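# Structural description and commentary
Chain residues, written in single-letter form:
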Amino acid sequence: MRFALFCFLALTVPSLGSGQTSQYIFGSQSGQSLFTAGQFWTGLMPRNDVNVSAGSATTGASYALMPTTGSFSSLCVNLTNAPGTGASWTWTLYKNGLDEYLSVTISGTQTRACDLVDTAGFVPGDLVALHVTPSSSPVPAPSFASWYIVQTPVAAGETILFGSQQVGNAQYLSLAGNSSSLSSEAAMATVIPTAGTVTKFIAEYVGTGSSVTATLDQNESASPLNASLSASGTFVEQPGNLSVSAGDVLDVNEIGITASSAVYASVVFVPNVSGQFVIPTWRNVLTDADPLFYLPITGRSDDNLQPIEAQAQQIGDNVQIQGVFARTTVAPGSGAQYAFTLRDNAANTTLATTLSGTNLTACTTSTPVAGCNSGSPVTVNNFDLLDTSVATTGSPVSSVASVSYLAYVPQLAFTTEPPSTVTTGMALSPVVVQVQDANGNPLAASTAQVTVSSSPAGVSGTLIANAVNGVATLNNLIFTTPGTYTLSAAASGLATIASSSISVCTPTASLTSLLSLPLTVEQVTSAALAATLSNTGTAPLTNIVPSIGGENFNDFAITTGAGSCGATLAAGASCSIYVTFTPTSATGFSAS
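Now for a quick tour of the structure.

Next up on the list: the state of the cysteines. Inspection of the entire model under this criterion finds three disulfides. Between C76 and C114 runs a disulfide, and the two sulfur atoms are separated by 2.0 Å. Residues C76 and C114 share a disulfide whose torsion about the S-S bond is about 120°; that sign makes it right-handed. With C76 in strand β5 (residues 70-79) and C114 in strand β8 (residues 112-115), this residue pair connects regions lying 38 residues apart in the sequence. Linked covalently through their sulfurs, C363 and C372 form a disulfide whose S-S length is 2.0 Å. The S-S bond linking C363 to C372 shows a torsion near -100°; that makes this disulfide left-handed. With respect to burial, C363 and C372 carry one shared label: buried.

What follows is the structure, encoded as C-alpha cells:
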C-alpha cells in the first residue's frame, strides 16, 4: 500500500477590494431633546435647533432628495441618556412614504445600537428621512441623539450634498442638510474642502404657488446648472461637469419661491481623491458671549450656542479627518480671533484652524492646499464622539460660520494572504489585514475591528481582530471541510475585500507494505525494519506522529534511523518509519 496526499493546487487570484467607495452621512439633534410623545420624522442631517422634527411624514423639511443610484447601510444611533427600564426608541430609514428594513432599536440601559446587516437601495428622485418612534408606555427618558448612515453609490467616487427647505420664501438653500434656507446667501454657502467635480444637480419643488427656478451657485455666482420646476412633486436633474476647487462655496439660489412651497436640492460631487467626502455645516452662530463653546460637526448650531459639549457630540466611525475649512460672513476684527478645533471623545485633536483679524476664511489640511496651514490627519474609530470647539480671543465681532471637514473612508487590504493550500484541521499561518489611508499606508491609531468570513462558509477559529495602528492580525483560522475557499475581511463602514483562493484538502496515509519481522528470542529486541511514507500530493503533510496499535502493540516500538520521518513531509518527498520487535513470550504477535 502507499501513502497518498490528494490535494490539488488552487488558482491564486490577487487580493482585490470591491472597487466601491462609501460616504458617511452624519446627523444629530443637539439643539433640543427628542420628542417622547408620539412618532416623528427627522432628516438624515437636520439643523441642530428647536422644533426641527416633523410630526407628519408629509412635512418637506425632513427629506433628502437622492441624486444618484446606490444603497444605504450601517445605520448607527447614539443617545446621551438610556431609555430606561421597559422603554425604547426605534429609528428606521424612511423612503418614499414607507419604512425600510434598515432599522435600530435602543432599549433599557442601552445608549447606542447599529444595524450592520440590512440595506436599502435608492435611485434619483427618492425622498428619504428617518422615522423615530418612542415607546408609548413607559415613555423613554429625554435624550439628545446623533447618528450616521453609510451611502455606497453604484458609481465609485460619487458623494452627495443635499439641502431641504422648510416651507417659506427664503431664497437661498444650503447644501449642508435639512431645513437649511435663509435670505442671506453668504450665510448659506457651504464650504467645499477639496477639489473635485459636480457631475449632477437635481431639484424638486413641492407645494402650491408659482413655479421655481433652482440654480446651483458657485462662489455666490450662478453656475450653468439649474432646474426649472413647474410641477409640484416632479424632480428635475441636470448632468454637469462643474469644476470645484478646495475652498469654493456652493449653495442653491431659488427664484420664484413662495410661502406655500418647499424645495429639495442635491448634487453629486466627485472628489479628485477617491474615498474623500465632505462633512458640512451651515450658519453656525459665533459670538463672544462665551469664551468657549461647541458646535456639532454637521447641520447647523443652536442659535443659543452650546456650552455643554455632550449635547454637541456626534457619533463617529472608521474614518480619517484630513482637513478643516472655516468661513464667516463677518471678520473677527483687529486683534480678535475664533479658533476652531476638532474634538474626539472630549479631547482636542491635532486638527485646528484659526480665523483672525480681517480674514473671512481659514483652513488646515494634511495635504498641501494653497492658502491653508499644514496639519496632521485625525483617525476616528468606531463610536468615537466628535464635535468642534470654538475658542474666542480679543472680543471678536459676532458672525455666522460655515465649517466643513474633509473626511476619507479608509480601505482594507490583505497584506499577508492566506496560504494557497492547507490541510483540514490545521491552523493557517497568520493572515494580516491593514486599514489603509489614501497612500496605501496603515492608518495610524486605527483600532478598527476586522471580521473574517469565508465563501463558501467553513472557516472557524478566531474570526475577529482589532487593528493595532491600522494592522489586524488573524491567527488560528481553521478549515475542517475540504474544498476551495476565499476569505473576506470586513470592518464597520468599509468596503469588504476578498483574499486569494485557498485549496483545503484532507490527507490520507498508508504504509508501503506489511512488515514481517524475523523470529526473535523472548525479551530480545529485533533489528529495525523500515516502512516508507510518501507524500504524492501538492501540499506539505504536517503533524506526522507515527503510532502502533492493535492486540500486541506493547511488544513493538518505533525507533529512528536513516531518513526517519519528522513532523512534516514536503510534497513529493518520502521518509522512513522504523519498527522493532521485543516479544514478551513465545507465541505469535501482531500490531498495526
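With antiparallel pairing, four strands are arranged side by side in an open sheet as β12-β21-β16-β19. The sheet terminates laterally at β12 (159-164) and β19 (235-244), the two strands that pair on one side only. Across the sheet, the mean angle separating the axes of adjacent strands is 20° when strand polarity is ignored. Where strand β16 (residues 196-207) and strand β21 (residues 261-271) come together, 11 bridges link them in antiparallel fashion. Bridging across to β21, V198 finds its partner in F269.

Evaluation of the coordinates by the stated rule reveals three cavities of 30 Å³ or more. By volume, the largest cavity amounts to about 60 Å³. What lines the largest cavity is a set of 13 residues, among which Q23, M45, I160, V278 and P280 lie closest to the centre. At the level of elements, β2 (23-29), β12 and β22 (276-279) are the ones that each hand at least two residues to the lining of the largest cavity. Looking at which element gives the most residues to the lining of the largest cavity, the answer is β2, with four residues. Along the lines of polarity and charge, the residues of the lining of the largest cavity split into 12 nonpolar, one polar and no charged.

Let us look at unusual backbone geometry. Trans peptide bonds make up most of the peptide bonds, and negative phi angles are found at most residues other than glycine. With an omega of 0°, the peptide bond between S137 and P138 qualifies as cis. Positionally, P138 belongs in the loop between β10 (127-134) and β11 (145-153). Here S455 and P456 are connected by a cis peptide whose omega angle stands at -5°. On the secondary structure map, P456 appears in the loop between β37 (449-455) and β38 (459-461). Positioned with a positive phi, N96 is a non-glycine residue whose angle comes to about 50°. In this structure, N96 sits in the loop between β6 (84-95) and β7 (98-108).

This part is about the layout of surface pockets. By volume, the second largest pocket amounts to about 590 Å³. Where the lining of the second largest pocket is concerned, the elements lending two or more residues are β5, β11 and β37. Take the lining of the second largest pocket: its biggest share by element is four residues, from β5. Split into classes, the residues belonging to the lining of the second largest pocket amount to 11 nonpolar, 15 polar and one charged.

Counting residues in each nonpolar core, the largest one holds 58 residues, and the members touching the most others are I321, F340, Y405 and L487. If near-sequence neighbours (up to four positions away) are discounted, I321 is found in contact with I279, L342, L351, P377, V378, V380, Y405, L406 and A407.

The next thing to look at is the pattern of salt bridges. Overall, the coordinates contain three salt bridges when judged by the stated rule. With its nearest N and O atoms 2.8 Å apart, the salt bridge here joins R327 to E220. Here R327, found in strand β26 (residues 319-328), pairs with E220, found in the loop between β17 (212-218) and β18 (221-229); they are 107 residues apart in sequence, far enough to count as distant. With a relative accessible area of 18%, R327 lands in the buried category. Here R343 makes a salt bridge to E309, at a shortest N to O gap of 2.9 Å. With R343 in strand β27 (residues 333-344) and E309 in helix α2 (residues 309-312), the pair connects residues that are 34 residues apart, well separated along the chain.

Cut-offs used in this document
- Residues numbered from 1 in each chain as written.
- Predicted model: local features only at pLDDT ≥ 70, side-chain atom pairs only at ≥ 80, totals over all residues.
- Heavy atoms only, no water.
- Disulfide = S-S within 2.5 Å.
- Helix = DSSP H or I, 4+ residues; strand = E, 2+ residues; numbered from the N terminus.
- Buried < 20%, exposed > 50% of the residue type's maximum accessible area, 1.4 Å probe, protein only.
- Pairing = 2+ DSSP bridges.
- Axes fitted to C-alpha atoms, helices over the stretch in contact; angles between N-to-C directions.
- 1 Å grid on protein atoms, 1.4 Å probe; cavity = no way out; pocket = protein on both sides within 12 Å on 5 of 7 lines; lining within 4 Å.
- Points joined across faces, edges and corners; volume = space filled by probe spheres on them.
- Nonpolar A, V, L, I, M, F, W, Y, C, P; charged D, E, K, R; others polar.
- Core = buried A, V, L, I, M, F, W, Y, C linked by side-chain atoms within 4.5 Å.
- Contact = heavy atoms within 4.5 Å.
- Salt bridge = Lys/Arg side-chain N within 4 Å of Asp/Glu carboxyl O.

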